[in-house]
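The residues making up each chain are set out below.
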Amino acid sequence: MTDEQLKGGSVYDYGRRDEYATSSEGGADITYGRFLDELGWEFCQEGRRRQDMVRFNAFTTKSWFSHDKSNADKNLYPIPNKVLLTNSKLHQNPGY
C-alpha cells in the first residue's frame, strides 16, 4: 500500500450493529484512516485497538458494533488506585 493510500479515509463501515439499533457512519472522514485499518488488521489480537482509535480520534467520535459515540473524556485511561494512594494531589480522570 502506498503512502497516499494510507492517508485516505477508513474503509471500515463504522456504525452501530446490534438488535437495538443499526446505523452507518462510514470512516472516510478519519485522517490516515487506511493506516488505522491496517493497524486493526495487523494487530487484531494484540489488545491495542482502543489506543489506536484514540490516537486517530475515532474512539469517541464513531460508533461500532454495540458502542455508541461518547464523551471525549473516555479517551483518558483511569489513574490506577495504587498511584492515587501514593500522591494525595492526584485526582481521578473525569468519567471514572
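This is a predicted model, so every value here is computed, not measured.

**Q** Looking at this model, I keep getting lost on the overall build of the protein chain. Mind explaining?
**A** Counting its regular elements, the protein chain contains 4 helices and 2 strands. When its helices and strands are written in sequence order, the protein chain yields α-β-α-α-β-α. The globule rule puts the C-alpha radius of gyration for 96 residues at 12 Å, and the 16 Å found for the protein chain is more than 25% above it. Along the longest, intermediate and shortest principal axes, the C-alpha atoms of the protein chain span 50 × 35 × 25 Å. Sorting the 96 residues of the protein chain into buried and exposed places 28% on the buried side. Taken as a whole, the protein chain presents about 6800 Å² of accessible surface, with 53% of it coming from carbon and sulfur. Across the protein chain, the centroid of the 13 positively charged side chains sits 8 Å from that of the 14 negatively charged ones.

**Q** I tried to follow the packing of aromatic side chains on my own but got confused; where do I start?
**A** Enumeration according to the criterion identifies 3 aromatic pairs in this entry. Look at Phe35 and Phe56: their rings are 5.9 Å apart centre to centre, the planes differ by 55°, and that puts the pair in the tilted class. Here the residue Phe35 occupies a position in helix α2 (residues 33–42), and Phe56 occupies one in the loop between α3 (49–55) and β2 (64–65), the gap between them amounting to 21 residues. For the ring pair Phe59 and Trp64, a centre distance of 5.5 Å and an interplane angle of 45° mean the geometry is tilted. Each of the two residues, Phe59 as well as Trp64, counts as buried.

**Q** Sorry if this is basic, but what is going on with the pattern of salt bridges here?
**A** Under the defined criterion, the tally for this structure stands at 8 salt bridges. A salt bridge links Asp29 to Lys62; the shortest N-O distance between them is 2.7 Å. With Asp29 in the loop between β1 (15–16) and α2 and Lys62 in the loop between α3 and β2, the pair connects residues that are 33 residues apart, well separated along the chain. Using a relative accessible area of 58% as the deciding quantity, one classes Asp29 as exposed. The exposure class of Lys62 is buried, given its relative accessible area of 5%.

Rules and cut-offs
Residues numbered from 1 in each chain as written. Predicted model: local features only at pLDDT ≥ 70, side-chain atom pairs only at ≥ 80, totals over all residues. Heavy atoms only, no water. Helix = DSSP H or I, 4+ residues; strand = E, 2+ residues; numbered from the N terminus. Rg over C-alpha atoms; globule rule 2.2 N^0.38 Å. Buried < 20%, exposed > 50% of the residue type's maximum accessible area, 1.4 Å probe, protein only. Areas by Shrake-Rupley, 256 points an atom, 1.4 Å probe, with all protein chains shown as cover. Lys, Arg positive; Asp, Glu negative; His and termini not counted. Charge placed at Lys NZ, Arg CZ, Asp CG, Glu CD. Phe/Tyr/Trp six-rings, centres within 6.5 Å; stacked < 30°, edge-to-face > 60°. Salt bridge = Lys/Arg side-chain N within 4 Å of Asp/Glu carboxyl O.

So far we have only geometry, and geometry alone does not tell us how the molecule works.
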